[in-house]
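Spelled out from the first residue to the last, the chains are:
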Amino acid sequence: MLSDIYRVGFIGHREIDNVISVENKLYPIIQDLIKHKEYVEFYLGRNGEFDVIAASVIRRVKKDIRSENSVMILVLPYSVADMEDYINYYDEIVIPEELFGVHYKSAIKKRNEWLVDRSDLLISYIEREKGGAYQCVAYANKKNKAVKN
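The structure reproduced in this document is the subject of the present report. (Residues numbered from 1 in each chain as written. Predicted model: local features only at pLDDT ≥ 70, side-chain atom pairs only at ≥ 80, totals over all residues. Heavy atoms only, no water.)

**Topic: the nonpolar core**
Thinking step 1. Counting 29 residues, the largest nonpolar core has Val8, Phe10, Leu26, Ile30, Phe42 and Leu44 as its most contacted members.
Thinking step 2. Taken together, the elements giving at least two residues each to this core come down to strand 1 (5-12), helix 1 (19-36), strand 2 (39-44), helix 2 (49-64), strand 3 (70-75), helix 3 (83-87) and strand 5 (121-125).
Thinking step 3. At seven residues, the largest contribution of residues to this core is made by helix 2.
Thinking step 4. Aside from chain neighbours lying at most four places away, what touches Phe42 is Val8, Phe10, Ile30, Leu33, Ile34, Ile58, Ser70, Val71, Met72 and Ile73.
Thinking step 5. Among the nonpolar cores identified, the runner-up in size contains 16 residues, and Tyr43, Val75, Val116 and Cys136 belong to it. (Core = buried A, V, L, I, M, F, W, Y, C linked by side-chain atoms within 4.5 Å. Buried < 20%, exposed > 50% of the residue type's maximum accessible area, 1.4 Å probe, protein only. Helix = DSSP H or I, 4+ residues; strand = E, 2+ residues; numbered from the N terminus. Contact = heavy atoms within 4.5 Å.)

This is how it looks when you write it as structure tokens:
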């Protein structure tokens, strides 16, 4: 069993203005984590462009650097119809038990809180002080979690 699992969550706005810039900023952060941590669990949603970009960069870093010391986990707020597509893309898929029975309109917010509660570091893409991603980062700050925007 690994003694030092480092957990990293991702949260960001649904739409991103400069995808290349975000990719270029994410790559060295993820590269550093994979190189210097014993084992990394990356927690991601799939609710917007930032989630998709982060997953793509993680896959690229794992291919370029190494993959045996990390896992990319999709954290869903509820079951989705195209689950088969996700199974082939992510290392693991989790629907937290705490979200069973939660109304779908509040499930994403609850999933984001679950993600923050279990992360050592939250990597965010926040450009405006409104929306679910902003609220999630505010929640992380309230919980004294490390946040890298």
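Next, the rest of the story.
**Section: unusual backbone geometry**
Glycine aside, negative phi is the norm for most residues, and most peptide bonds take the trans geometry.
Thinking step 1. Residue Asn144 is not a glycine yet carries a positive backbone phi of 60°.
Thinking step 2. Within the secondary structure, Asn144 is located in the loop between helix 5 (132-142) and strand 6 (146-148).

**Some thoughts on the packing of helix 1 against helix 2**
Thinking step 1. Interhelical geometry of helix 1 versus helix 2 gives an angle of 45° and a closest axis separation of 9 Å. Classified by the interaxial angle, the pair formed by helix 1 and helix 2 is oblique. The crossing of helix 1 and helix 2 is right-handed. Contacts from Val19, Val22, Glu23, Leu26, Tyr27, Ile30, Gln31 and Ile34 in helix 1 reach Phe50, Ile53, Ala54, Val57, Ile58, Arg60, Val61, Lys62 and Asp64 in helix 2. (Axes fitted to C-alpha atoms, helices over the stretch in contact; angles between N-to-C directions. Parallel < 35°, antiparallel > 145°, perpendicular 65-115°, else oblique. Left-handed = near helix turned anticlockwise from the far one by under 90°.)

**Observations regarding the side chain of Arg111**
Thinking step 1. Within the element layout of this structure, Arg111 appears in helix 4 (residues 104-118).
Thinking step 2. Within the buried set, Arg111 has no salt-bridge partner at all; the shortest N-O distance to an opposite charge, 5.3 Å, is to Asp51. (Lys, Arg positive; Asp, Glu negative; His and termini not counted. Salt bridge = Lys/Arg side-chain N within 4 Å of Asp/Glu carboxyl O.)

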